[in-house]
Amino acid sequence: MNSCPVKVSVIVPVYNSEQFLQKCLESLVNQTLKEIEVICINDGSTDNSLNILENYASKDNRIKIITTSNKGQSAARNIGIKKATGEYVGFVDADDWIDLNFFETLYNSTNHIVEVACGNILGHYPDKTHEIIKYKKQIVYVEKNEKIEIAGIPQHNYIWNKIYKTETLKNLNINFEEGRYYEDVIWSIQALDKLSNLVTVPNTFYHYNKKNSNSTTTALQTNKHITDGIYARTKIYKYAEEQGIKLNIHSKIYINIFGIRLLKILNNIIKTEFKLFGFLPFITIYKK
């Protein structure tokens, strides 16, 4: 549709997302920022997702489709980063959507200098909609602890309400760990630490669809979900310690199975406490 240099490469992992994919793609092809490319990694979908992608790609040459066997979101995102040609790169999950001015507002906030632009998040739940992150002012942060804190880590390890300077991201060679859940938890702290500055951006929203019962964060919790969750949290705490990052650590993780609370994990700078059924303490790990 245009021959101008790509300003933002948008990476969309797609796996059996036919129920929500059209809404996602509509929000992308109608962005006020026209100089984008949409890199859709069809991650071995077995439903109608590929047909939907091909239909959109036939009408809009900014949509690029890469089909792979099912390797998971991490592998899809790693492929997308390698293929990205834009000045900045962003991520959108196939069951979410964004305001039509989202990428233009974030891109303009960088002035081609700031390496991360961070927007707002609106969470859509079965019974309510509420703001998860909302910035009131456009402010640039340079100091590493300020970048991490303003992004909400470790409570909010979201990668998709941001855009990142592509050249720097590729040079840093920070990859998503493949074969794990909660891969964004590990990736986020490393990217925000290593990229030199971050700007908060008000007046535009990423729409996080928590109504999707098939998403990673709302699916039935398996042993792998539990072990990968603990692994991810442990790894970011270790990384923070090694890099001299002071985390505002007081987080809660709930593990539910069939609607029953199986486990509650409380983290702070002193200890990690595991509570069976959410109230019965059975393991406490004190940190050195």
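Residues numbered from 1 in each chain as written. Predicted model: local features only at pLDDT ≥ 70, side-chain atom pairs only at ≥ 80, totals over all residues. Heavy atoms only, no water.

Caption draft 1: Quick look at the overall build of the chain. The helix and strand tally for the chain stands at 8 helices and 14 strands. In terms of overall size, the chain behaves like a compact globule, its C-alpha atoms giving a radius of gyration of 19 Å where 288 residues would be expected to give roughly 19 Å. If you line up the chain on its principal axes, its C-alpha atoms span 60 × 45 × 35 Å. Per-residue burial over the chain gives 54% buried out of 288 residues. When contacts within the chain are restricted to residue pairs at least 6 apart in sequence, those whose partners lie at least 24 apart make up 74%. Element-wise, carbon and sulfur atoms account for 52% of the exposed surface of the chain, whose accessible area totals about 13900 Å². Between the averaged position of the 35 positive side-chain charges in the chain and that of its 30 negative side-chain charges there is a distance of 5 Å. (Helix = DSSP H or I, 4+ residues; strand = E, 2+ residues; numbered from the N terminus. Rg over C-alpha atoms; globule rule 2.2 N^0.38 Å. Buried < 20%, exposed > 50% of the residue type's maximum accessible area, 1.4 Å probe, protein only. Contact = heavy atoms within 4.5 Å. Areas by Shrake-Rupley, 256 points an atom, 1.4 Å probe, with all protein chains shown as cover. Lys, Arg positive; Asp, Glu negative; His and termini not counted. Charge placed at Lys NZ, Arg CZ, Asp CG, Glu CD.)

Caption draft 2: Expanded view of the pattern of salt bridges. This structure, assessed with the given rule, holds 11 salt bridges. The closest approach of N and O atoms between E35 and K7, which form a salt bridge, is 3.9 Å. Note that E35 is positioned in the loop between α1 (18-29) and β2 (36-43) and K7 in the segment before β1 (8-14), a separation of 28 residues in sequence. Relative accessible area serves as the criterion here: at 18%, E35 is assigned to the buried category. Of the charged contacts, one joins R180 and D228 as a salt bridge, the two residues approaching to 3.0 Å between their closest N and O atoms. With R180 in the loop between α6 (166-172) and α7 (183-194) and D228 in helix α8 (residues 223-243), the pair connects residues that are 48 residues apart, well separated along the chain. On the accessibility criterion, D228 (3% relative accessible area) is buried. Linked through salt bridges whose partners overlap, the residues forming this network are E177, R180, K224, D228 and K235. (Salt bridge = Lys/Arg side-chain N within 4 Å of Asp/Glu carboxyl O.)

Caption draft 3: Molecular detail of helix α4 (residues 102-110). Buried residues of α4: F102, F103, L106, Y107, S109 and T110, and no others. Taken around the axis of α4, the buried residues stretch over an arc of 160°, which confines them to a single face. Downstream of α4 by one or two residues, N111 has phi in the positive range, about 50°. (Arc of directions from axis to C-beta.)

Caption draft 4: Region of the structure containing unusual backbone geometry. Look at the link from I153 to P154: it is a cis peptide, with omega at 15°. Within the secondary structure layout, P154 lies in the loop between α5 (144-151) and β9 (162-165). A positive phi angle is found at Y182, which is not glycine, with a value near 60°. The phi dihedral of N203 is positive, around 70°, even though this residue is not glycine. By relative accessible area, N203 is classed as exposed at 66%.

Caption draft 5: The arrangement of the pairing of strand β7 (residues 129-133) in detail. Here strand β6 (residues 116-124) runs beside β7; their pairing, made up of 4 bridges, is antiparallel. Looking at the pairing, G123 lines up with H130 of β7. As consecutive antiparallel partners, β6 and β7 are separated by 4 residues. (Pairing = 2+ DSSP bridges.)

Caption draft 6: Quick look at the nonpolar core. Formed by 75 residues in total, the largest nonpolar core has its most connected members in V12, L28, F103, Y164 and W187. In terms of residue count, α7 provides more of this core than any other element does, 6 residues in total. Beyond its immediate sequence surroundings of up to four residues, F103 is in contact with V8, V10, L28, Q31, L33, G90, V92, I98 and I163. Counting residues in hydrophobic clusters, the runner-up holds 6 residues, among them I253, I255, L263 and I265. (Core = buried A, V, L, I, M, F, W, Y, C linked by side-chain atoms within 4.5 Å.)

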